[in-house]
Amino acid sequence: MTNNPAGSVWNLLLFQKFYDFDAYIEPIIERFPAFEKSAWCAQIKNTLIATMKLIIETNKARDKLPGWFKVDTNLEILRIYFRRMREKKYLSPRSYETAEKRLDEVGKILGGLIKRRSY
């Protein structure tokens, strides 16, 4: 991102990577069958939004560790959702693999933040 203020959430790599993940996955879940949109699609979108909100709130918090653990929990929930959608064949193998790789990348960044704050 260019021309962002020094304290901007956009300067947080975790937020950038999660935002990119959200932008990647949203059009895919929009193609789920209509009868799944009210259940699975809504759950996934709510978890994505909640996770983005948690990242922003935790980045601004004094004690970040509890928030990072909540973000980590949400990432695990998203992994379960995507695994289930793959089993139902709503995600192609390629989309599933790409989503998992992107979530893993977010998870590695988050793991580094947790490790750094744990000492």
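Note on numbering: residues in each chain are counted from 1, in written sequence order. A pLDDT threshold of at least 70 governs which residues receive local features in this predicted model, and a stricter bar of 80 or more applies before side-chain atom pairs are shown or counted, although totals over entire chains, interfaces and linings include all residues. Note: side-chain values were computed over all heavy atoms of the structure, leaving out hydrogens and water.

A. Quick peek at the environment of R102. For helices the rule is a DSSP run of H or I covering at least 4 residues; for strands it is a run of E covering at least 2, with both sets numbered from the N terminus onward. Inspection of the secondary structure assignment puts R102 in helix α4 (residues 93–117). By the convention used here, residues are in contact when the closest approach between their heavy atoms is within 4.5 Å. Every residue in contact with R102, bar those within four places of it in the chain, is listed here: D20, F21 and Y24.

B. How the structure looks around the nonpolar core. Throughout this description, the term nonpolar core refers to a set of buried Ala, Val, Leu, Ile, Met, Phe, Trp, Tyr and Cys residues connected via side-chain atoms within 4.5 Å. For every residue, the accessible area obtained with a 1.4 Å probe (protein chains only) is divided by the maximum for its type, and the residue is called buried under 20%, exposed over 50%, and partly exposed between those limits. The biggest cluster of nonpolar side chains holds 31 residues, and the ones touching the most others in it are L14, F18, I44, W68 and F82. Of all elements in the fold, only α1 (13–30), α2 (34–60), α3 (65–87) and α4 reach the threshold of two or more residues within this core. Element by element, the count of residues in this core is highest for α3, at eight residues. Those residues within four positions of W68 in sequence are excluded, and the remaining contacts are L12, L14, I55, T58, N59, L110, L113, I114 and R117.

C. Fine view of the packing of aromatic side chains. Working definition: a ring pair exists when centres of Phe, Tyr or Trp rings (six-membered ring for Trp) sit within 6.5 Å. Plane angles under 30 degrees give stacked, over 60 give edge-to-face, the rest tilted. Per the counting criterion, the structure on display carries five aromatic pairs. The interplanar angle of 80° and the centroid separation of 5.7 Å between the aromatic rings of W40 and Y81 together place this pair among those described as edge-to-face. One end of the pair, W40, is in helix α2; the other, Y81, is in helix α3, with 41 residues separating them in the sequence. Ring pairs connect the aromatic residues F18, F21 and F82, which therefore count as one cluster.

D. Quick look at the side chain of R79. Its location among the elements puts R79 in helix α3. Among the residues examined, R79 registers a relative accessible area of 12% and is labelled buried. Not counting residues up to four positions away in its chain, the partners in contact with R79 are E100, L103 and D104.

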